[in-house]
Amino acid sequence: MSSSPIGIFDSGVGGTSIWKEIHHLLPYESTIYLADSVNAPYGPKGADKIIELSVKNTELLLQKGCKLIVVACNTATTNAIDFLRTNYNVPFIGIEPAIKPAALHTKNKAVGILATHGTLTSALFSKTSGLFTKDIHVIEQVGNGIVELIESGKLHSEEMKTLLSEYLKPMMEANIDYLVLGCTHYPYLMPLLVDLLPSHVKIIDSGEAVARQTKAILEQHELLNTEMAKPKLQFFTNGNVEVMSSLLGQKYQVDYLKF
Ligand SMILES: N[C@@H](CCC(=O)O)C(=O)O
């Protein structure tokens, strides 16, 4: 039904960066967001476990009546979206690292990508990357520890700055002019990254593209909400409510839910 909510899930709070883009583009759509923080990070887990967790989140969103599901997690998309699309009869929107625009626009022919182990080792990522980066130096970096720090409320910590400096060093040495953020937690690092990187480096993520794709698929299925009324915005976490509230902004209510 077109008035039903859009369901969104991530391994934790990171996907709220995608929720913000979706809500900005589609302000009349009701949404239900699930942060599976108790199981974060998904990145180091094997594909079978990531599929199992994605199924659990999907089934809960479907029980809550969602008309479309956004997998607001690169790791879950690259490992589980094919399984979800095959097994559930609802449209799914996924998110993948924006390697294509970076590869098309880099002048230095050098692009950095920061993502999880699960994303960088996935078949879907190697396929996309292989298609667009033949003559480009791609510096891949696993963001070990970043998601854990964000999930524990240490976004602006010294530990985070130290980790990021270490991860960006080889990229700066290779003179990258694009940095691709391949994890939905990472847009929250933007102020830190801007401080650490030279000003000519462009930092890109896929958030806006996901919002546009969500709109296009809703239109295609005639599922766009036609009522211009105040939407119902629900946020659930099985982890720390305060951490999520501080990232999202205090005007939104976050509830604890065991799932
Ligand atoms: N939100 C993350 C998941 C990170 C993790 O749980 O390791 C992503 O987009 O990949």
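Quick caveat: nothing in here was measured; it's all calculated off a predicted structure.

### Considering the UniProt feature "binding site: substrate" (unreviewed entry) in the chain
Right, on to step 1. Per the UniProt record, "binding site: substrate" (unreviewed entry) is found at Asp10, Ser11, Tyr42, Gly43, Asn74, Thr75, Thr184 and His185. Of the residues just listed, which span 176 residues, no C-alpha pair is farther apart than 12.0 Å, and they cluster in one region.
Right, on to step 2. With respect to the helices and strands, the residue tyrosine 42 is situated in the loop between strand S2 (31-35) and helix H2 (47-63).
Right, on to step 3. Among residues more than four places away in sequence, those in contact with tyrosine 42 are Ser11, Asp36, Ile50, Leu53, Asn57, Cys73, Thr75 and Ala76.
Right, on to step 4. Engagement of the side chain of tyrosine 42 in a polar contact is seen with the side chain of aspartate 36, the distance being 2.5 Å.
Right, on to step 5. Counting through the fold element by element, threonine 184 comes out in the loop between strand S7 (178-182) and helix H9 (190-196).
Right, on to step 6. We classify threonine 184 as buried; its relative accessible area is 3%.
Right, on to step 7. With residues near it in sequence (within four places) discarded, threonine 184 still touches Asp10, Gly14, Gly15, Ser17, Ile18, Ala72, Cys73, Asn74 and Ile95.

### Considerations on the side chain of asparagine 39
Right, on to step 1. As for its placement among the helices and strands, asparagine 39 is situated in the loop between S2 and H2.
Right, on to step 2. A polar contact is formed between the side chain of asparagine 39 and the side chain of aspartate 36, at a distance of 2.9 Å.
Right, on to step 3. In contact with asparagine 39, not counting residues within four places along its chain, are Lys45, Leu53 and Lys56.

### Overview of the packing of aromatic side chains
Right, on to step 1. By the definition in use, this model includes four aromatic pairs.
Right, on to step 2. Consider the rings of tryptophan 19 and tyrosine 252, whose centres lie 5.1 Å apart with planes at 80°: the pair is edge-to-face. Residue tryptophan 19 is located in helix H1 (residues 16-25), and its partner tyrosine 252 is located in the loop between helix H11 (241-248) and strand S10 (254-256); the two are separated by 233 residues in the primary sequence.
Right, on to step 3. Pairing tyrosine 33 with phenylalanine 235 gives two aromatic rings, centres 6.3 Å apart and planes at 40°, and the pair type is tilted. With tyrosine 33 in strand S2 and phenylalanine 235 in strand S9 (residues 233-237), the pair connects residues that are 202 residues apart, well separated along the chain.
Right, on to step 4. The exposure class of tyrosine 33 is buried, given its relative accessible area of 0%.
Right, on to step 5. Since its relative accessible area comes to 1%, phenylalanine 235 is described here as buried.
Right, on to step 6. One aromatic cluster in this structure is built from Trp19, Tyr33, Phe235 and Tyr252.
Right, on to step 7. Lying across the ring of phenylalanine 236, lysine 64 places its NZ or CZ 4.7 Å from the centre.

### Side note on the packing of H1 against helix H10 (residues 207-220)
Right, on to step 1. Put simply, H1 and H10 touch, their axes get as near as 8 Å, and they point 50° apart. In this view, H1 runs oblique relative to H10, as classed from their interaxial angle. Considering how the two elements wind past one another, H1 and H10 form a crossing that is right-handed. Residues Ile18, Glu21, Ile22 and Leu25 of H1 pack against Gly207, Glu208, Val210, Ala211, Arg212, Thr214 and Lys215 of H10.
Right, on to step 2. Taken together, the residues of the contact of H1 with H10 sort by class into five nonpolar, two polar and four charged.

Cut-offs applied
- Residues numbered from 1 in each chain as written.
- Predicted model: local features only at pLDDT ≥ 70, side-chain atom pairs only at ≥ 80, totals over all residues.
- Heavy atoms only, no water.
- UniProt positions renumbered as here; feature names shortened; annotations may be inferred.
- Helix = DSSP H or I, 4+ residues; strand = E, 2+ residues; numbered from the N terminus.
- Contact = heavy atoms within 4.5 Å.
- Polar contact = N/O pair within 3.5 Å; in protein donor to acceptor, adjacent residues only side chain to side chain.
- Buried < 20%, exposed > 50% of the residue type's maximum accessible area, 1.4 Å probe, protein only.
- Phe/Tyr/Trp six-rings, centres within 6.5 Å; stacked < 30°, edge-to-face > 60°.
- Lys NZ or Arg CZ within 6 Å of the ring centre and 35° of its normal.
- Axes fitted to C-alpha atoms, helices over the stretch in contact; angles between N-to-C directions.
- Parallel < 35°, antiparallel > 145°, perpendicular 65-115°, else oblique.
- Left-handed = near helix turned anticlockwise from the far one by under 90°.
- Nonpolar A, V, L, I, M, F, W, Y, C, P; charged D, E, K, R; others polar.

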